[in-house]
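# Descriptive structure summary
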Amino acid sequence: MSIRHADENAEATVVTLYDTTLRDGTQREGMSLSVEDKLRIAMKLDLLGVRYIEGGFPGSNPKDIEFFERARDLKLEQAVISAFGSTRRKGVAAADDPGLKSLLDTGCSALCIVGKTWDLQVTEAIGATLDQGIEMARDSVAYLKSQGRTVFFDAEHFFDGYNSNPDYAVAVCQAAADAGADAIVLCDTNGGMLPADIQRIVTDVHARVNAPLGIHTHNDSGCAVANSLVAVTAGCTQVQGTINGYGERTGNADLISIIGGLVLKMGDDCITRDQLRLLTEVSHFVAETANLNPNAQAPYVGASAFAHKGGLHASATGKLAGAYEHVDPASVGNLARVVVSELAGRASLTMKAAELGIDLSGEQAAAVLDEIKELEYHGYSFEAADASLSIMLQKRLGTFEPAFTLESFRVIADKREDGRVATEATIKIHVSGHRYIATAEGNGPVNALDKALRIAIGRFYPQLANMTLDDYKVRVLEDKKGTGAVTRVLIDTKDAETSWGTVGVSENIIEASWEALVDSVEYGLGRSTRSGGESES
Ligand SMILES: [Zn+2]
């Protein structure tokens, strides 16, 4: 069974990647990037091999103007920064148009201007005649070309326009092409097209318009990636999109998936294989910089993209790498993982243990599996708690050495007359033969316990200062046996290199939290003493 789908005989193409994360992507609800963020993302996109990086809309806000000023000092390997704007206004000469002037003022060697190609939009939205609409496109492109720039013409609402009046939509594009546009980019601005529409329309335009074509799609029908790829098949040589598909409404076409498809399945050389291995890192970097959670289910780059759950799957994966993987996870910088759950069999547990650096015999695996099933029955879940699983395996094998032992803790929550709540934790703990008592205040019992623990053992383990609690989740599980509900706590902890998850379960939320907290600290300390530790982000 082969996992490679690239057609060796296919004519090699080189698609030009045009990223608009910094402009169209920031239209996403809740997304905001500082100038600093944008510069850092631009550097990453350059490393990934993206050809054009659209930095913003200088006519729209001062932040984008500042970006273009500072971007001039960026040391880029191969990428070109481009600026976005629109065609000249009706009744204004291109040379006198303030929007076109602000584009030229960015100093960018590449410019992208959007123009209307939908007849109704021309007559209704800007109150121009159809001929005036064509002239606006032609003049604007010709003027920017006369200033020595690379010019892309974004044909706004192109597919709706084509469906309304194909000859007019094509005529606007041809006018921009005649004026010297370096590519005509067909935009599915409303994002409602399906792949068959894109295939049919791009094929026709490709035959009629004498210029390279690009594609810019939105994901409102859930087809943005498919639409982009089919557009390439039909003749487009430029693809515009955003990292992780960020964008307004349901988002733009996801360049991450597009790149995976182009390189690994369509034999396109838009980036090199070395650059492709940065795909996962770049996706996560952009998410973190935008302060958004990376999507675990994202194709190619998600934490779950190559995670195998269930005994049969995991067992087959172990015997035949790639049997259940559409591409080699390493090719995009991702990892295959085995998800341990009560569905899993012995093979998956052995593989999971190996991933955590632990050798497990068949006999040991069977015994541990029984224990996991028992624990899951009581409410534990190890799917997001690799670190707790690792500690449990070490305990079972007798290799676990605790960094500290607890004598006792006490947590006091105090509601004052003025309405404020104060929480204080006191902890008594033993570390290498010494007894320490520490007290700390926190904004809740878990926070106070975490602080007190760090004070108590911090002098022995200075590396604790590099670990932070990243996420804390509590779920109340209804007990099937009727002995009362239990609480499951999941904690995510991170240091400079990676993150790890731990779990605790108890009828008491503080006890469950303590259990997850201890695992988190023990695992982190064990990791840092294993000089670098295993990567398992
Ligand atoms: Zn767009």
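In what follows, the accompanying structure is described. (Residues numbered from 1 in each chain as written. Predicted model: local features only at pLDDT ≥ 70, side-chain atom pairs only at ≥ 80, totals over all residues. Heavy atoms only, no water.)

## As for the nonpolar core
Rules: Definition of nonpolar core: a set of buried residues of the types Ala, Val, Leu, Ile, Met, Phe, Trp, Tyr and Cys, connected through side-chain atoms within 4.5 Å. Only protein chains enter the accessibility calculation, which uses a 1.4 Å probe; a residue is then buried when its area is under 20% of its type maximum, exposed when over 50%, and partly exposed in between. Here a strand is any run of E in DSSP of at least two residues, a helix any run of H or I of at least four, and the numbering for each starts at the N terminus. The contact definition used throughout considers only heavy atoms, calling two residues in contact when any of these lie within 4.5 Å.
Within the largest apolar cluster, 94 residues are counted, with the highest numbers of intra-cluster contacts made by Phe153, Phe158 and Ile184. For this core, the element with the highest residue contribution is helix H7 (residues 166–178), accounting for 8 residues. Look past the residues within four positions of Ile184 in its chain and what remains in contact with it is Phe153, Cys173, Ala176, Ala177, Val209, Ala211, Pro212, Leu213 and Gly214. Ala425, Met467, Val489 and Ala512 belong to the second-largest nonpolar core, a separate cluster that totals 31 residues.

## Section: the pairing of strand S11 (residues 405–415)
Here is the rule we go by: Two strands qualify as a pair provided that DSSP identifies no fewer than 2 bridges between them.
Alignment of S11 against strand S12 (residues 421–431), held across 10 bridges, turns out to be antiparallel. When the sheet's bridge partners are listed, Phe409 is paired in S12 with Ile427. Hairpin connection of S11 to S12: 5 residues between the antiparallel strands, including Gly419 at a positive phi of 95°.

## What to know about the packing of helix H9 (residues 224–233) against helix H10 (residues 255–265)
We count it as follows: Every axis in this analysis is a line fitted to C-alpha atoms, fitted for helices over the stretch in contact. Angles between the N-to-C directions lie between 0 and 180 degrees. Working rule for handedness: look at the near helix, and if it is turned counterclockwise from the far one by less than a right angle, call the crossing left-handed; if clockwise, right-handed. Put simply, Ala, Val, Leu, Ile, Met, Phe, Trp, Tyr, Cys and Pro go in the nonpolar bin, Asp, Glu, Lys and Arg in the charged bin, and everything else, Gly too, in the polar bin.
Running from N to C, H9 and H10 point in directions that differ by 35°, and their axes come no closer than 9 Å. Once H9 is placed against H10, the crossing between them reads as right-handed. Residue-level inspection shows Val225, Ser228, Leu229 and Val232 of H9 in contact with H10, the latter providing Ser257, Ile258 and Leu262. Broken down by class, the residue content of the contact of H9 with H10 amounts to 5 nonpolar, 2 polar and no charged.

## Quick word on the pairing of strand S3 (residues 80–86)
Heads up, the rule is: Orient the strands so they point away from the viewer; a crossover is then right-handed if the path from the first strand over the helix to the second runs clockwise.
Burial analysis of S3 places 6 of its 7 residues in the buried class, which makes it a mostly covered element. Both strand S2 (residues 52–56) and S3 contribute to a ladder of 4 bridges, which runs parallel. Note on S3: the bridge partner recorded for Glu54 is Ser82. Handedness of the crossover joining S2 and S3 through helix H2 (residues 62–71) is recorded here as right-handed. Here S3 pairs with strand S4 (residues 110–116) via 5 bridges, running parallel. Bridged to Ser86 within S4 is Val114. The β-α-β motif built from S3, the intervening helix H3 (residues 98–105) and the parallel element S4 has right-handed crossover chirality.

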